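# Analysis of the macromolecular model
Listed here are the chains, written in short residue letters.
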Amino acid sequence: MITAVTYNDGVVTLLDQRKLPGDSVFLKLTTVEEIKAAILSLSVRGAPAIGIAAAYGLVLWAQSNRKEQDLNVFKQSLITEANGLKATRPTAVNLAWAVDRLLRVSDTAASVDGAVETLTQEAQKIDEEDLLICKTIGEHGLTLLKDGDTLLTHCNAGGIATAGYGTALAPFYLARERNMTLHAYATETRPVGQGARLTVWELEQLGIDVTLITDSMAAHTLQSGRIQAVIVGADRIAANGDTANKIGTLSLAVAAKAFGVPFYVAAPLSTIDVHTATGADIPIEERAAEEVTHVHGRIITTETVRVYNPAFDVTPHQYIDGIITEKGVIRGDYQTNLSALFHPAASH
Ligand SMILES: CSC[C@H]1O[C@H](OP(=O)(O)O)[C@H](O)[C@@H]1O
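Every value quoted in this text rests on a predicted model; they were computed, and no experiment measured them. (Residues numbered from 1 in each chain as written. Predicted model: local features only at pLDDT ≥ 70, side-chain atom pairs only at ≥ 80, totals over all residues. Heavy atoms only, no water.)

### Structural notes on the overall build of the protein chain
For the protein chain, the helix and strand inventory stands at 11 helices and 16 strands. Since a compact globule built from 348 residues should have a radius of gyration of about 20 Å, the 20 Å found for the protein chain is in line with a globular shape. Dimensions along the principal axes, computed over C-alpha positions, put the protein chain at roughly 65 × 60 × 40 Å. For the protein chain, the residues scored as buried account for 54% of the 348 residues in total. Of the contacts formed within the protein chain by residues at least 6 apart in sequence, a portion of 75% connects residues at least 24 apart. Only carbon and sulfur atoms are counted for the fraction: they give 52% of the accessible area of the protein chain, which is about 14,700 Å². Both charge centroids of the protein chain, one from 28 positive and one from 39 negative side chains, sit 2 Å from each other. (Helix = DSSP H or I, 4+ residues; strand = E, 2+ residues; numbered from the N terminus. Rg over C-alpha atoms; globule rule 2.2 N^0.38 Å. Buried < 20%, exposed > 50% of the residue type's maximum accessible area, 1.4 Å probe, protein only. Contact = heavy atoms within 4.5 Å. Areas by Shrake-Rupley, 256 points an atom, 1.4 Å probe, with all protein chains shown as cover. Lys, Arg positive; Asp, Glu negative; His and termini not counted. Charge placed at Lys NZ, Arg CZ, Asp CG, Glu CD.)

### Regarding the nonpolar core
Val5, Ile39 and Leu85 are the most contacted members of the largest nonpolar core, which totals 77 residues. Ranked by residue count, the leading element in this core is helix H2 (residues 47–64), at 13 residues. Mapping this core onto the domain boundaries places at least three of its residues in each of domain 1 (5–134) and domain 2 (145–347). Beyond its immediate chain neighbours, meaning those up to four positions away, leucine 85 contacts Val32, Ile35, Lys36, Ile39, Ala54, Leu58, Leu95 and Val99. The next biggest cluster of nonpolar side chains, apart from the first, holds 26 residues, and it includes Ala234, Leu252, Ile320 and Ile330. (Core = buried A, V, L, I, M, F, W, Y, C linked by side-chain atoms within 4.5 Å. Domains from an automatic or database assignment.)

### Details of the environment of aspartate 100
Inspection of the secondary structure puts aspartate 100 in helix H4 (residues 93–106). Each C-alpha atom, one on aspartate 100 and one on methionine 1, is 28 Å from the other, the two residues being 99 residues apart in sequence.

### Describing the side chain of threonine 120
Of note, threonine 120 is situated in helix H5 (residues 112–142). Take threonine 120: its relative accessible area is 11%, and that puts it in the buried class. For threonine 120, the side chain forms a polar contact with the main-chain oxygen of valine 116, separated by 2.8 Å. (Polar contact = N/O pair within 3.5 Å; in protein donor to acceptor, adjacent residues only side chain to side chain.)

### As for the site of the ligand
For the ligand, the set of nearby residues contains 18 residues, the closest of which are Gly46, Arg89, Asp235, Asn245 and Lys246. Within the side chain of arginine 89, an N or O atom sits 2.8 Å from an oxygen atom of the ligand. Those elements that provide at least two residues to the shell around the ligand are H2 and strand S9 (243–246). Its residues assigned to classes, the shell around the ligand comprises 7 nonpolar, 7 polar and 4 charged. Mapped onto the domain boundaries, the shell around the ligand takes at least three residues apiece from domain 1 (5–134) and domain 2 (145–347). (Near = heavy atom within 4 Å. Nonpolar A, V, L, I, M, F, W, Y, C, P; charged D, E, K, R; others polar.)

### Quick look at the sheet that holds strand S2 (residues 11–15)
Hydrogen bonding along the main chain pairs the strands of a sheet, whether they run parallel or antiparallel. If you trace the 3 strands from one edge of the open sheet to the other, you get S1-S2-S3, paired in antiparallel fashion. Only two strands of the sheet have a single neighbouring strand rather than two, namely strand S1 (5–8) and strand S3 (26–29). The mean angle between the axes of side-by-side strands here comes to 20°, regardless of whether they run parallel or antiparallel. Bridge count between S2 and S3: 4 bridges; the pairing is antiparallel. Paired with threonine 13 across the strands is lysine 28, a residue of S3. (Pairing = 2+ DSSP bridges. Axes fitted to C-alpha atoms, helices over the stretch in contact; angles between N-to-C directions.)

### Comments concerning the UniProt feature "active site" (unreviewed entry) in the protein chain
The sites that UniProt annotates as "active site" (unreviewed entry) are Asp235. As for its placement among the helices and strands, aspartate 235 is situated in the loop between strand S7 (229–232) and strand S8 (236–238). Contact partners of aspartate 235, with chain neighbours within four places excluded, come to Ala47, Thr91, Ala92, Val93, Asn94, Ala244, Asn245, Lys246, Thr271 and Phe312. (UniProt positions renumbered as here; feature names shortened; annotations may be inferred.)

### Points about the packing of helix H1 (residues 32–40) against helix H3 (residues 71–86)
Their axes nearest at 10 Å, the elements H1 and H3 cross at an angle of 20°. Taken as axis vectors, H1 and H3 run roughly parallel relative to one another. As for the relative orientation of H1 and H3, their crossing is right-handed in sense. Contacts between H1 and H3 involve Val32, Glu33, Ile35, Lys36 and Ile39 from the first element and Glu81, Gly84 and Leu85 from the second. By residue class, the composition of the contact of H1 with H3 is 4 nonpolar, 1 polar and 3 charged. (Parallel < 35°, antiparallel > 145°, perpendicular 65-115°, else oblique. Left-handed = near helix turned anticlockwise from the far one by under 90°.)

### Some points on the UniProt feature "site: Transition state stabilizer" (unreviewed entry) in the protein chain
The feature "site: Transition state stabilizer" (unreviewed entry), as given by UniProt, occupies Cys155 in the numbering adopted here. Positionally, cysteine 155 belongs in the loop between strand S4 (150–153) and helix H6 (170–177). When sequence neighbours within four positions are dropped, the list of residues in contact with cysteine 155 reads Arg45, Thr187, Thr189, Gln194, Gly195, Thr199 and Lys246.

### Here we look at the pairing of strand S6 (residues 210–213)
Sheet topology places strand S5 (residues 183–187) next to S6; 4 bridges connect them, and they run parallel. What sits directly across from threonine 187, in S6, is isoleucine 213.

Here it is as structure tokens:
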């Protein structure tokens, strides 16, 4: 199992995803500032993985402030640090979800030491739970597939974007364990190249057949009939099922609908944000122009060009045939059926 984020005794170890596929470099971080920088630079990326990293970042801060005598000062400063972590990447709700979960459990602490212990335990629980959740997502994803299927995926929603197994790639991990054969087509995923650099690398590490295409080849590939389903991850799913994911996902969903290919989103409940009504309300992170204008440090356009670099887009729920969660595959009336995941009693 490839693990992107691990924690042990005051040190967070991150697989530096900027260096893949050429080098597997592990960063040893001991401060929340280093964690924030790693999230901003995409050393660690992937909605669940940045939630786990942010949670451990709060733990590092708490441990370095253990000598604070005033519990209220400690708690107020913790909230400030939490807000700083949330601001790093606003679209992926998992980051805020993880940080808010730590704030909730530490709020009842009766001492600074108690708060530090509670924060540490809760961050480790989030990490451990995510691994099991992703495996379960893989199980539910397999119910939609058959031996020999070819799936198109976008960006990287694999083990290195989570605590392990991934979300969109989880069915590939499970299929491999079950001697079931699935084939992958991975889109390059400009401008950061998570597909070409990370998904190809991850699937080849697993011995899974993967074909790389550029983003502009996706519609043609879907039209060709060689793809049985599209499966992607998510950064935030609104209450009505509208889904924010890596830029380029919307194009895949529209093309899949046009050519009759099922389009699935795979995501844990921690990616579903019932407090965000529709996709129009999801904040879309815009990133530096250099991600678009430069490849491996070399400029590929003019020095004067204006750049628009949204890191995500929103796929309307009408284009989504199913949302694969750890609770099962959610279909149809997403407003009702997603809400029922959080309020089961109300669904009767
Ligand atoms: C399970 S990863 C979910 C999601 O996060 C990725 O974004 P980024 O690489 O910018 O962190 C991508 O949108 C994945 O689908």
